[in-house]
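# Secondary and tertiary structure notes
The primary structure of each chain is shown beneath.
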Amino acid sequence: MTAVVKRRSRRPKGLTAHIVLGLAVLISVFPFVWTIVMATNTTQDIYKSPPKLTFGSHLLENIRHVLDTIDFFGSMLNTVIVASVTTVLVLFVDSLAAFAFAKFDFPGRKVLFATLVGFMMLPLQLAVLPQFILMSDIGWVGTLKALVPPALANAFGIFWLRQYVENGVPDELLDAARIDGAGFFRQYWNIVLPMIKPALSFLAIYAFVGAWNDYIWPLVVLTDPSHLTLQVTLAQLHVGHTTDYSMVMAGVLMASIPLVVVFTIFARGFIAGATEGAVQGS
């Protein structure tokens, strides 16, 4: 009898939790749905009061206007190249640094890591000027190569992977590998990387989305119109005193599709990395 009462008392709590989660999902999905609604209607429909909340029939027309106005696919190719290269190098550099911080005791380790955490609190805009001077000195201004180096030593990525390696990779396993003659890179490649795949998946999504959505740095450093990234190119849709917001939203929708595809592919690793890291850190 007591067990039945307990089950009944838990049902309202479970129902409340499901309602809250359902509302959270609706709130999260609404901006994407609203983007689709605006992309399928006209600008006049967007300005109506109350706004039109149903899908229209002007999506193909708006997409055609986008393709006629900007070099969408050329800038998307540039962005895919930059985001892919940046993601791969971020995973490599940050995981190496995280392994060193987590499992090796060297002079100044705590000071360096504290400095790294401090950099996480600084706005990224502070680094634009010194980065531009550096890229100018090595002759990379105006090229896609200039977009990659500033993102490599990702403070959040090193912090995230360091916590994961410290808690998820047993010291005994590394000691056994050293006894068998495994050096630093052998331990890193054969032991550490396979054990932190969920964390790497999480960081891959984070790095790819960050590189894909970056606007300020490409706007500053890119000078050749053929090398512009997607976010800078989409900004060119805002021209004149009047803006065709239905065309802009169509461009935004098209630019969001690759992100949805990438997130869908790595969703399982993304969720596993986030939840497992939270459990380990608790």
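Note that this is a predicted model, so its numbers are computed, not measured.

Our next topic: the UniProt feature "transmembrane region" (unreviewed entry) in the protein chain. When the UniProt feature table is mapped onto this chain numbering, "transmembrane region" (unreviewed entry) sits at residues 15-37, 76-99, 111-134, 140-161, 188-209 and 245-267. Between the end C-alpha atoms of residues 76-99 the distance is 34 Å, and the span holds 100% helix and 0% strand. Helix makes up 95% of residues 188-209 and strand 0%. Its end C-alpha atoms lie 26 Å apart.

One side chain can pair with another of opposite charge once the charged atoms of both are near each other. Scanning the entire structure with this criterion turns up four salt bridges. For Glu 166, the salt bridge is made with Arg 162, and the minimal N-O distance between the two is 3.4 Å. With Glu 166 and Arg 162 both in helix α7 (residues 155-168), this residue pair falls four residues apart, about one helical turn. According to the relative accessible area criterion, Glu 166 is partly exposed, its value standing at 33%. For Arg 162, a relative accessible area of 15% gives the class buried. Note that Arg 178 and Asp 175 form a salt bridge whose closest N and O atoms lie 2.7 Å from each other. On the criterion of helical spacing, the pair formed by Arg 178 and Asp 175 is a turn pair, its members being three residues apart in helix α8 (residues 171-179). Owing to a relative accessible area of 39%, Asp 175 belongs among the partly exposed residues under this scheme.

Examined against the element boundaries, Ala 153 turns out to sit in the loop between α6 (128-137) and α7. On the accessibility criterion, Ala 153 (58% relative accessible area) is exposed. Between the alpha carbons of Ala 153 and Ala 97 there is a distance of 8.7 Å; along the sequence they are 56 residues apart.

Across its 32 residues, helix α4 (residues 72-103) extends 45 Å between first and last C-alpha, which sits within 8% of the 46 Å expected from 1.5 Å per residue. Its side-chain oxygen 3.2 Å from the backbone nitrogen of Gly 74, Asp 71 forms the N-cap of α4.

We now examine the packing of α4 against helix α5 (residues 109-119). Packed helix pairs are specified by the crossing angle of their axes together with the interaxial distance, meaning the distance between the axes. The contact between α4 and α5 brings their axes to 10 Å, and the two run at 135°. When the axis of α4 is compared with that of α5, the two are oblique. Crossing of α4 against α5: the hand is left-handed. On α5, the residues touching Ala 100, Phe 101 and Ala 102 of α4 are Arg 109, Leu 112, Phe 113 and Leu 116.

Right, let's get into the nonpolar core. Grouped together as the largest cluster of nonpolar side chains are 25 residues, with contacts concentrated most on Trp 160, Leu 161, Val 165, Val 169, Val 192 and Ile 196. Sorting the residues of this core by element identifies α4, α7, α8, α9 (184-195) and α10 (197-213) as the ones contributing at least two each. In this view, Ile 196 contacts Tyr 164, Val 165 and Val 169; residues no more than four positions away in its chain are not counted.

Bringing the side chain of Asn 154 into the picture now. If you trace the backbone, Asn 154 turns up in the loop between α6 and α7. Residue classification places Asn 154 among the buried positions, given a relative accessible area of 18%. Leave out the neighbours within four places in its chain, and Asn 154 touches Val 90, Asp 94 and Tyr 206.

Attention shifts here to a nonpolar patch on the surface. A grouping of Leu 15, Ile 19, Leu 23 and Leu 26 is seen on the molecular surface, where their side chains present a nonpolar patch of about 420 Å² in accessible area. Topologically, Leu 26 is positioned in helix α1 (residues 2-39). When its relative accessible area of 58% is taken as the criterion, Leu 26 is described as exposed.

Once that is clear, we can look at the packing of aromatic side chains. Under the definition given, this model contains 17 aromatic pairs. When the centroid spacing of 4.6 Å and the interplanar angle of 40° are considered together, the rings of Phe 156 and Tyr 206 count as tilted. One end of the pair, Phe 156, is in helix α7; the other, Tyr 206, is in helix α10, with 50 residues separating them in the sequence. Ring plane angle 85° and centroid distance 5.3 Å describe the contact between Phe 184 and Phe 185, whose orientation is recorded as edge-to-face. Phe 184 sits in the partly exposed class, given a relative accessible area of 28%.

What counts as what
All chains use their own residue numbering, which begins from 1 and follows the written sequence. Local features in this predicted model are restricted to residues whose pLDDT is 70 or higher, and side-chain atom pairs enter the listing and the counts only when it is 80 or higher, whereas totals over whole chains, interfaces and linings include all residues. Just so you know, side-chain values use all the structure's heavy atoms and leave hydrogens and water out. UniProt positions are given in the numbering used here, feature names are shortened, and annotations may be inferred rather than shown by experiment. Only runs of H or I of at least four residues qualify as helices and only runs of E of at least two qualify as strands under DSSP, and these elements are numbered from the N terminus. Any Lys or Arg side-chain nitrogen found within 4 Å of a carboxyl oxygen on Asp or Glu counts as a salt bridge. Under the scheme applied here, a residue whose accessible area is under 20% of the maximum for its type counts as buried, over 50% as exposed, and between as partly exposed, the area being computed with a 1.4 Å probe on protein chains only. Between the first and last residue of a helix there are one fewer steps than residues, each counted as 1.5 Å, and that sum is the expected span. N or O atoms within 3.5 Å of each other form a polar contact, as long as, within protein, one can give a hydrogen and the other can take it, and as long as residues adjacent in sequence are counted only when both atoms are side-chain atoms. All axes here are fitted lines through C-alpha atoms, helices being fitted over the stretch that makes contact, and every angle between N-to-C directions spans 0 to 180 degrees. Roughly parallel means an angle under 35 degrees; roughly antiparallel means over 145; roughly perpendicular covers 65 to 115; every other angle is labelled oblique. Each crossing gets its handedness from the near helix: less than a right angle anticlockwise from the far helix is left-handed, clockwise is right-handed. Whether two residues touch is decided by their heavy atoms; if any such pair falls within 4.5 Å, the residues are in contact. Here, nonpolar core refers to any group of buried Ala, Val, Leu, Ile, Met, Phe, Trp, Tyr and Cys residues whose side-chain atoms link them within 4.5 Å. For patch building, the residue pool is restricted to those with more than 30% relative accessible area and no salt bridge; the joining distance is 9 Å between like charges and 5 Å between nonpolar side chains (Val, Leu, Ile, Met, Phe, Trp, Tyr). Note on areas: these come from Shrake-Rupley sampling with a 1.4 Å probe, and a residue is covered only by the protein chains present in the view. Pairing of aromatic side chains here covers Phe, Tyr and the six-membered ring of Trp, requires ring centres within 6.5 Å, and sorts the geometry by plane angle: under 30 degrees stacked, over 60 edge-to-face, intermediate tilted.

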